[in-house]
Amino acid sequence: MRKSIKTTAVMALAASMTVGMMTGCGDSSSVADKNITVVSREDGSGTRSAFAELMGIMVDEVDKKITTAELTNSTSVMTTSVEGNDAAIGYVSLGSLSDTVKAVSVDGVEPTVENIKAGKYKVSRPFNIATKDDLSEIASDFVDFLLSDEGQKIITDEGYISTESGTSYTATKLSGTVTLAGSTSVAPVMEVLAEEYMSLNPDITVEIQQSGSSAGMTSTIQGACDIGMASRDVKESEMAEGLTQTTIAMDGIAVIINKDNEVKDLTSEQIMKIYLGEITKWSDVTKK
Amino acid sequence: MNKLKEKIMQVVFAMCACASILSVALICLFMLTGGVPAMLEIGIGNFLGGTSWKPLEGLFGILPMIIGSVYVTAGALIIGVPIGLLCAVFLARFCPKKAYKVIKPAVELLAGIPSIVYGFFGLVVIVPFLRDTIGAGKSVLAASIILGIMVLPTIISVSESAIRAVPDSYYEGALALGATKERSIFRAVLPAARSGIMAGVVLGIGRVIGETMAVVMVAGNQAIIPGGITEGVRTLTANVVLEMAYAEGRHQEALIATAVVLFVFILMINLCFSLIKRKGGDK
């Protein structure tokens with residue numbers, strides 16, 4: 001009897017010690033001496049390709065990012081990884097930025113909605129739609145909705161940055177189908193917009209196909225869908241095929257680091273070099 | 001009337017039995033038609049033996065992921081098997097009744113924890129702990145520790161019942177020959193329970209190699225062959241789940257082909273399991 005109590009007590013003690021050891025504070029050696037832990041997104045991610053393109057990591061359409069970067073396939077794991085590692089650097093869409101990590105200024109510009117609207121913050125990308133001239137009546141009504149106050153409010157609510165607007169939308173009596181195809185980054189917010197639009201216009205169905213920006217542009221040119229979605233600018237070659245670009249929203253990409261890291265500002269060149277593996281220590285960033 | 005009822009129920013039971021067979025058959029069919037053509041087009045040698053995985057540049061070599069899966073599985077077994085086995089011996093032979101009432105449900109609870117919870121635990125506890133102590137972070141080691149814990153319930157329950165199934169005469173015989181309690185257990189009882197314990201380990205391997213969510217969160221997922229246990233690793237399962245959402249065309253087919261490779265691994269493990277069980281039954 002007594003033996004069993006003793007055994008249980010010893011085990012409980014051992015268990016609590018293990019937990020204590022694991023959660024115990026780490027040593028507070030300076031971040032500057034540490035190797036940078038580079039965290040990136042998986043191949044094919046829209047955020048990753050936009051980031052790579054804007055930061056000059058993409059060379060000749062090939063992503064040159066160092067192969068030793070940690071990869072994750074979700075924004076939340078990205079944030080948690082950076083939150084728990086004082087030497088980490090990562091990036092998330094501005095709409096998903098949480099206050100458990102620190103967003104650095106890029107080239108001295110803070111990642112704020114105002115700076116992105118003013119075109120000062122470099123790491124931002126447009127959410128575009130592309131249309132042809134012979135747009136159907138329903139499709140053009142949907143575009144009107146996207147650009148109206150009602151549509152732009154949804155965009156802001158979803159964490160993206162609205163473009164200027166000022167028109168208000170009134171439902172039409174039309175019925176039919178609008179088909180959209182393209183970027184997987186634009187699609188989530190477009191789904192929300194489409195839902196709202198369909199509740200205003202019960203006789204209209206909006207179909208959204210996620211196929212990637214380029215495939216969306218091709219479908220629009222070929223007439224397989226009414227509206228194409230792109231998380232980049234419409235290329236000149238695509239414009240030549242008869243596409244017109246309309247920006248419905250902007251999305252910023254915030255470069256995030258741990259809160260204990262003293263770095264506040266990085267130049268885009270430094271970020272590029274970190275992701276290319278040319279800068280490997282935080283001390284190389286802090287000393288000028 | 002009764003006969004008709006009998007017949008109808010027979011059909012119902014037969015259909016239920018067929019449902020599981022049908023699912024397995026359909027999954028096999030889907031995997032083979034989806035994955036094998038891509039594997040052949042890429043070239044089986046290039047696919048299984050290639051060390052570069054750069055889907056956007058058309059390089060589909062999954063050797064780093066195969067090796068990654070093997071490393072992580074081996075690591076999990078190194079951590080999980082000794083702990084699990086000794087725990088099973090303790091539960092079956094040494095444990096006081098009162099402690100058993102606490103430990104046994106705890107082990108069973110361990111089996112019921114969703115893998116995403118293990119992954120999150122690894123991400124916020126194990127990974128920072130490893131980083132502060134040995135500077136490893138997301139690594140083979142972190143994944144092995146998490147999987148080593150996850151595999152414990154399987155190994156413990158199967159081994160425990162195997163040990164309990166050994167006739168008491170073995171144990172008593174060893175004691176009668178003058179062996180100590182410990183010696184009797186480790187030299188007489190454990191060898192007799194060997195095939196059952198092996199079956200538990202093989203089942204554990206199956207669980208480890210197929211585990212996805214927990215691994216993705218703690219392994220780092222770099223598609224390179226790890227140079228040591230403190231480096232990041234990507235397993236076959238992680239490869240599929242990481243990129244499936246965005247993949248299209250050949251890239252998607254290559255991911256299905258990755259799943260085919262995983263599927264073959266699991267088949268081989270199940271085959272081993274049946275063989276071990278049959279061998280154990282022969283005695």
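Everything discussed here concerns the structure shown above.
Trainee: Any chance you could explain the packing of helix α3 (residues 63-94) of chain B against helix α8 (residues 181-192) of chain B here in plain terms?
Mentor: In a pair of packed helices, the angle between the axes and the distance between the axes together describe the arrangement. Residue and element names in this part refer to chain B. In contact at an axis separation of 12 Å, α3 and α8 are set at 115 degrees when each is read in the N-to-C sense. One way to sum up the angle between α3 and α8 is to call them roughly perpendicular. The way α3 lies across α8 gives a crossing that is right-handed. Here L86, V89, R93 and F94 of α3 come into contact with α8, specifically with K181, E182, I185, F186, V189 and L190. When its residues are assigned to classes, the contact of α3 with α8 shows seven nonpolar, no polar and three charged.

Trainee: Any chance you could explain the nonpolar core here in plain terms?
Mentor: Soluble globular proteins tend to bury their nonpolar side chains together. All names here are of chain A. Counting residues in hydrophobic clusters, the biggest one holds 41 residues, and the most contacted among them are F51, I89, Y275 and W282. At the level of elements, β1 (37-41), α2 (46-54), α3 (75-83), β5 (88-93), β13 (244-257), α10 (268-276) and α11 (282-286) are the ones that each hand at least two residues to this core. Here this core gets six residues from one element, more than from any other, and that element is β13. For I89, the contacting residues outside a window of four places in its chain are I36, T37, V38, V39, V82, V255, I256, I257, L266, I274, Y275 and W282.

Trainee: Which parts of the structure should I look at to understand helix α1 (residues 2-42) of chain B?
Mentor: Note on helix geometry: an α-helix contains 3.6 residues per turn, so any two residues three or four positions apart are oriented the same way. Residue and element names in this part refer to chain B. Its 41 residues give α1 an end-to-end C-alpha distance of 60 Å, which sits within 8% of 60 Å, the value for a rise of 1.5 Å per residue. Those residues of α1 lying buried are M31, G34, G35, A38, M39 and I42. Positive phi appears at G43, one or two residues downstream of α1, with a value of about 100 degrees.

What counts and how
Sequence order sets the numbering: in each chain, residues are counted from 1 along the sequence as written. Each chain gets a letter, beginning with A, and each ligand a number, beginning with 1, in the order they are written. Whole-chain, interface and lining totals are the exception, using all residues; otherwise, since this is a predicted model, local features are given only for residues with pLDDT of at least 70 and side-chain atom pairs are given and counted only at 80 or more. Water and hydrogen atoms were dropped before computing side-chain values, which therefore reflect all heavy atoms in the structure. Helix axes are fitted only over the stretch in contact, all axes being lines through C-alpha atoms; the angle between N-to-C directions runs from 0 to 180 degrees. Each helix is a run of DSSP H or I of at least 4 residues and each strand a run of E of at least 2, with the numbering of both proceeding from the N terminus. For classification, angles of less than 35 degrees are called roughly parallel, those exceeding 145 degrees roughly antiparallel, those between 65 and 115 degrees roughly perpendicular, and all remaining angles oblique. For any pair of crossing helices, the crossing counts as left-handed if the nearer helix is rotated counterclockwise from the farther one by less than a right angle, and right-handed if it is rotated clockwise. Should any heavy atoms of two residues lie within 4.5 Å, those residues are considered in contact. Lys, Arg, Asp and Glu make up the charged group, whereas Ala, Val, Leu, Ile, Met, Phe, Trp, Tyr, Cys and Pro make up the nonpolar group; the residues left over, Gly among them, are polar. Here, the term nonpolar core denotes a set of buried Ala, Val, Leu, Ile, Met, Phe, Trp, Tyr and Cys residues that are joined through side-chain atoms within 4.5 Å. Accessible area is worked out with a 1.4 Å probe on protein chains only. A residue is then buried under 20% of its type maximum, exposed over 50%, and partly exposed in between. The span one expects for a helix is its residue count, reduced by one, times 1.5 Å.

Purely spatial values, then, with no claim about function.
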